[in-house]
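Geometric and topological summary
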Amino acid sequence: KPEETHKGEARHAARRSPSPAASAAQGDGDMAALRLDGLEQLPENGAVPQTPEPRGTSRLLSRVDAAVLPFLGGFGSYQRRLVALTWVPALLIAFSQFSDSFLLAQPKSACARNVSGIAMPSVSPIDSHSILLQPEQLVADAAAAASDYDDDAANASAPCTCGEGSRFELQAGLQHNVVTKWQLVCDEEWKVHIAKFSLLVGSIFGYLLMGAMADWLGRIPVLLVSVLSVLAFGMAVAFSVDVAMFSTLRFFEGFCLAAIRLSLFVLRIELCLPGWRFSMTVVASLVVVGGQLLMPGLAAVCRDWQILQVLIIVPFILMLPYVWVFPESLRWLLATQHYQRAKKQMYSIAQSNGVETATDPNGILTELERELQQNPRTFCITQLSSTRNLWKSIVVLCVNSLTGYGIHHCFARSVLEGSTSHLHYYALAGIAMASCVVLCPVVVGFGRRGGLLTFMIITALASLLQLGLLSLIGKYSLRYDTVLRDTLNRRFSVAFSIIGMFSSRAVSTLSIFYCAEITPTVIRGGGVGLVLASAGFGMLTAPLMELHNQKGFFLHHVILTCCTLLCIICIPLLPETAGQPLPETLAEGEGLLRRPLVPGEQHHLLARPEVREYSRVQDTPLHQVLNPSNSTANGVRT
């Protein structure tokens with residue numbers, strides 16, 4: 001009996017005290033429970049779970065692409081008509097954007113001697129138009145001296161003075177432009193570059209400021225104010241009395257043009273369903289290239305820069321009725337809880353598309369009626385700093401846009417070499433059009449992220465080959481035949497420059513569109529404005545290099561090439577947006593997930609023990625209580 005009593009006590013003690021393995025398992029469970037809050041913030045397979053939607057937010061009304069627009073007729077005749085109206089201003093904006101090539105074109109001149117032995121600029125005999133600022137006898141002497149200029153080596157080193165006795169000729173289709181009117185040559189040439197700065201710097205400020213205003217006040221108020229302002233400042237540019245007034249007014253003109261372009265771009269994106277967004281944007285890009293192709297003919301018809309400026313600005317009057325024709329963005333109204341205005345617009349859209357609103361199987365209008373008492377909310381691009389991943393994606397796209405436009409100038413310089421002939425101008429436009437055409441099948445086949453990565457790799461390879469590889473090959477393989485080596489290097493450099501211009505243009509276009517798809521509706525104006533402003537900084541490198549007489553150009557090209565390599569590393573971290581609905585709130589923008597580029601990446605990541613442990617934690621009831629609406633599947637929002 002004592003032995004049985006001792007065994008019974010041992011069994012009771014065993015029941016009360018668990019085994020070491022059970023104790024360890026219980027301890028791991030407690031630690032997992034304690035670490036749950038921390039694990040909730042960790043990325044799962046390159047993505048973060050969506051944060052819960054704020055209270056008062058309608059789940060059905062926030063699904064614009066999946067529920068609201070299909071109920072109103074999808075991409076019907078009403079939306080198609082409005083999208084077509086956004087293409088017309090794109091043509092006018094293209095005229096203003098490429099007008100610098102004619103308004104500020106440098107005249108073709110050489111250095112000749114007059115009878116007193118003073119060097120003076122004279123016109124190349126191939127030009128067709130001239131402006132005479134000297135008596136006929138002195139002009140005849142200058143022409144006679146110019147005929148012997150190439151045979152006299154001493155004249156090549158003689159100083160060229162730009163005073164009285166100057167004569168200018170233009171090849172850009174105009175007889176008079178800003179340079180010839182105020183004689184902005186030689187010592188005054190730096191003012192031409194300042195005038196080019198003014199338009200680009202104004203555009204940068206316009207993208208940044210008016211993009212934030214479009215998120216705060218709406219797209220249409222910004223568009224109306226910008227159209228009225230561009231009419232005032234654009235017409236004033238044509239009547240400038242000096243180059244300082246011209247540059248100042250061009251700054252404000254660029255500011256307003258940037259706001260118009262930004263507003264129309266965002267409106268076009270927000271009107272379309274996922275299957276139509278990219279194709280409609282590419283058509284708008286082709287319209288811009290069409291404006292670039294028509295610009296030389298327009299300049300040849302006008303003959304004078306003031307007439308050309310007036311002819312570019314006056315058609316903006318046709319945009320004034322847009323205030324009545326173009327409604328405010330329905331996405332923006334729903335995302336910012338302007339439900340009273342959204343209700344009127346939804347009935348108008350349904351009527352235009354021939355949709356019967358009496359049958360509402362999903363209860364969209366019923367839910368809208370319940371939300372009418374909600375107060376409107378305002379958002380600003382500064383709220384981007386509160387996100388964990390969204391701001392990083394936008395920074396990556398900003399660097400892509402800056403690099404694309406910046407390195408495009410490096411490639412263009414190798415092709416043009418200072419030439420302003422119509423042949424080179426049309427060559428640039430042809431490359432831009434080919435880039436837009438090829439962009440469509442590449443993006444359809446590889447997606448947004450894959451297409452952007454493909455074109456960035458091509459850009460980097462073209463730049464690296466142009467910088468040094470061809471010179472090394474020629475140096476070691478054709479060291480005794482310098483003429484053949486230089487000829488081959490020149491031809492290969494032009495070939496790689498054309499390829500680089502083609503791919504860098506595609507990178508810039510796709511980066512801007514990509515940002516519009518990633519950025520939520522509540523801050524889409526500010527996000528797109530950041531990427532467009534970065535593109536403006538990239539375009540600003542061209543007049544900067546010209547101002548410094550191309551000094552440091554090689555280092556500039558090397559830095560941009562390094563940026564392309566950095567972009568190649570960062571682009572795979574972006575989420576794929578092809579076929580996905582646009583994010584409406586910051587929470588949805590933060591919830592965009594990154595899909596693996598290669599199929600094996602998913603299995604490799606899931607093979608890690610910590611990922612498997614975290615995936616089990618995601619399935620626990622406590623995690624589902626904390627995040628009831630954040631289920632995701634393989635990088636796709638559900």
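Please read these numbers as outputs of a predicted model, since none were measured by experiment.

1. A look at the side chain of T564
Its place among the elements puts T564 in helix α23 (residues 553-570). The buried category is assigned to T564, whose relative accessible area is 0%. For T564, the contacting residues outside a window of four places in its chain are T403, I407, M456, T459 and A460.

2. Side note on the pattern of salt bridges
Pairs can form between side chains of opposite charge once their charged atoms are near each other. Scanning the model with the defined rule gives 12 salt bridges in all. For the salt bridge of E188 with K191, the shortest nitrogen-to-oxygen distance reads 2.8 Å. Owing to a relative accessible area of 29%, E188 belongs among the partly exposed residues under this scheme. Linking D215 and R219 is a salt bridge whose minimum nitrogen-to-oxygen distance equals 3.0 Å. Exposure class is identical for D215 and R219. Each is buried. Look at the salt bridges and you will find they share partners, linking D65, R277, R331, R448, E517 and E584 into a network.

3. Brief notes about a nonpolar patch on the surface
Side chains of W190, I194 and L547 sit close together on the surface and give an oily, nonpolar patch of about 250 Å² of accessible area. Looking at where I194 falls in the secondary structure, it is placed in helix α10 (residues 190-217).

4. Brief notes about helix α11 (residues 219-238)
Here α11 contains 20 residues, and its C-alpha end-to-end distance of 29 Å stays within 8% of the 28 Å for a straight helix at 1.5 Å per residue. For α11, every residue scored as buried is listed here: R219, I220, V222, L223, S226, V227, V230, L231, G234, V237 and A238. Projection of α11 onto a plane perpendicular to its axis shows the buried side chains occupying an angular sector of 165 degrees, all on one side.

5. Some points on the side chain of S504
Residue placement: S504 occurs in helix α21 (residues 482-518). A residue is classified by how much of its surface remains accessible, and S504, at 1% relative accessible area, is buried. Setting aside chain neighbours within four positions, we find S504 in contact with G404, I407, H408, F411 and T459.

6. Brief notes about the packing of α10 against helix α22 (residues 524-547)
Look at α10 against α22: their axes get within 8 Å of each other, and the N-to-C directions meet at 170 degrees. One way to sum up the angle between α10 and α22 is to call them roughly antiparallel. Across the contact of α10 with α22, the residue classes tally to 17 nonpolar, six polar and four charged.

7. Regarding unusual backbone geometry
Residue R303 is not a glycine yet carries a positive backbone phi of 70 degrees. Along the chain, R303 falls in the loop between α13 (277-302) and α14 (305-313). The exposure class of R303 is partly exposed, given its relative accessible area of 29%. Here Q337, not a glycine, exhibits a phi torsion of approximately 65 degrees, which is positive. Position of Q337 relative to the elements: it lies in the loop between α16 (330-335) and α17 (339-352).

8. Comments concerning the environment of V301
Within the secondary structure layout, V301 lies in helix α13. Take V301: its relative accessible area is 65%, and that puts it in the exposed class. Residues V301 and G173 lie 128 residues apart in sequence; the distance between their C-alpha atoms is 8.2 Å.

9. Looking at the confidence of the model for the protein chain
Residues with a pLDDT of 70 or more make up 69% of the protein chain, whose mean pLDDT is 77. Scored below 50 in pLDDT, residues 20-57 makes 51 contacts in the model with residues more than four places away or belonging to other chains. The low-confidence segment residues 602-638 (pLDDT under 50) makes 56 contacts with residues lying over four places distant or belonging to another chain.

10. Here we look at the environment of T509
One can find T509 in helix α21. Residue classification places T509 among the buried positions, given a relative accessible area of 16%. Setting aside residues up to four positions removed in sequence, T509 forms contacts with S285 and L439. A polar atom in the side chain of T509 sits 3.1 Å from the backbone oxygen of R505.

11. Re the environment of I307
You can see I307 is positioned in helix α14. The exposure class of I307 is partly exposed, given its relative accessible area of 48%. When the C-alpha atoms of I307 and A238 are compared, they prove to be 7.6 Å apart, with 69 residues separating the residues in sequence.

12. Considering the packing of α11 against α14
Helix-helix packing is characterised by the crossing angle of the two axes and by the distance between the axes. Two numbers describe how α11 lies on α14: the axes approach to 8 Å, and their chain directions differ by 170 degrees. One way to sum up the angle between α11 and α14 is to call them roughly antiparallel. Only W305, Q306, Q309, V310 and I313 of α14 make contact with α11, whose side of the interface consists of V230, L231, G234, M235, V237 and A238. Here the contact of α11 with α14 is built from residues that sort into eight nonpolar, three polar and no charged.

13. With respect to the packing of aromatic side chains
Counting across every chain of the model gives 11 aromatic pairs. Through pairs of rings, three or more aromatic residues link up here, namely F205, F233, F251 and F252. In this arrangement the basic side chain of R80 is found over the ring face of W276, its NZ or CZ atom lying 5.5 Å from the centre.

14. Some details on the nonpolar core
By size, the foremost hydrophobic cluster in this structure holds 74 residues, and its most contacted members are I260, L308 and F316. Among the elements that line this core, the one with the most residues is helix α12 (residues 243-271), at nine residues. Setting aside its immediate chain neighbours within four residues, F316 contacts L92, I93, S96, V227, V230, L231, L257 and I260. Counting 60 residues, the second largest nonpolar core, distinct from the first, contains L262, F502, L510 and L586.

15. Remarks on α14
An α-helix turns once every 3.6 residues. As a result, residues three or four positions apart point the same way. For α14, every residue scored as buried is listed here: W305, L308, Q309, I312 and I313. Buried residues in α14, looked at end-on, bunch into an arc of 125 degrees, giving them a common side.

So, how was this worked out
- Residues numbered from 1 in each chain as written.
- Predicted model: local features only at pLDDT ≥ 70, side-chain atom pairs only at ≥ 80, totals over all residues.
- Heavy atoms only, no water.
- Helix = DSSP H or I, 4+ residues; strand = E, 2+ residues; numbered from the N terminus.
- Buried < 20%, exposed > 50% of the residue type's maximum accessible area, 1.4 Å probe, protein only.
- Contact = heavy atoms within 4.5 Å.
- Salt bridge = Lys/Arg side-chain N within 4 Å of Asp/Glu carboxyl O.
- Patch = residues over 30% accessible without salt bridge, like charges linked within 9 Å, V, L, I, M, F, W, Y side chains within 5 Å.
- Areas by Shrake-Rupley, 256 points an atom, 1.4 Å probe, with all protein chains shown as cover.
- Expected span 1.5 Å × (residues − 1).
- Arc of directions from axis to C-beta.
- Axes fitted to C-alpha atoms, helices over the stretch in contact; angles between N-to-C directions.
- Parallel < 35°, antiparallel > 145°, perpendicular 65-115°, else oblique.
- Nonpolar A, V, L, I, M, F, W, Y, C, P; charged D, E, K, R; others polar.
- pLDDT = per-residue confidence, 0-100.
- Polar contact = N/O pair within 3.5 Å; in protein donor to acceptor, adjacent residues only side chain to side chain.
- Phe/Tyr/Trp six-rings, centres within 6.5 Å; stacked < 30°, edge-to-face > 60°.
- Lys NZ or Arg CZ within 6 Å of the ring centre and 35° of its normal.
- Core = buried A, V, L, I, M, F, W, Y, C linked by side-chain atoms within 4.5 Å.

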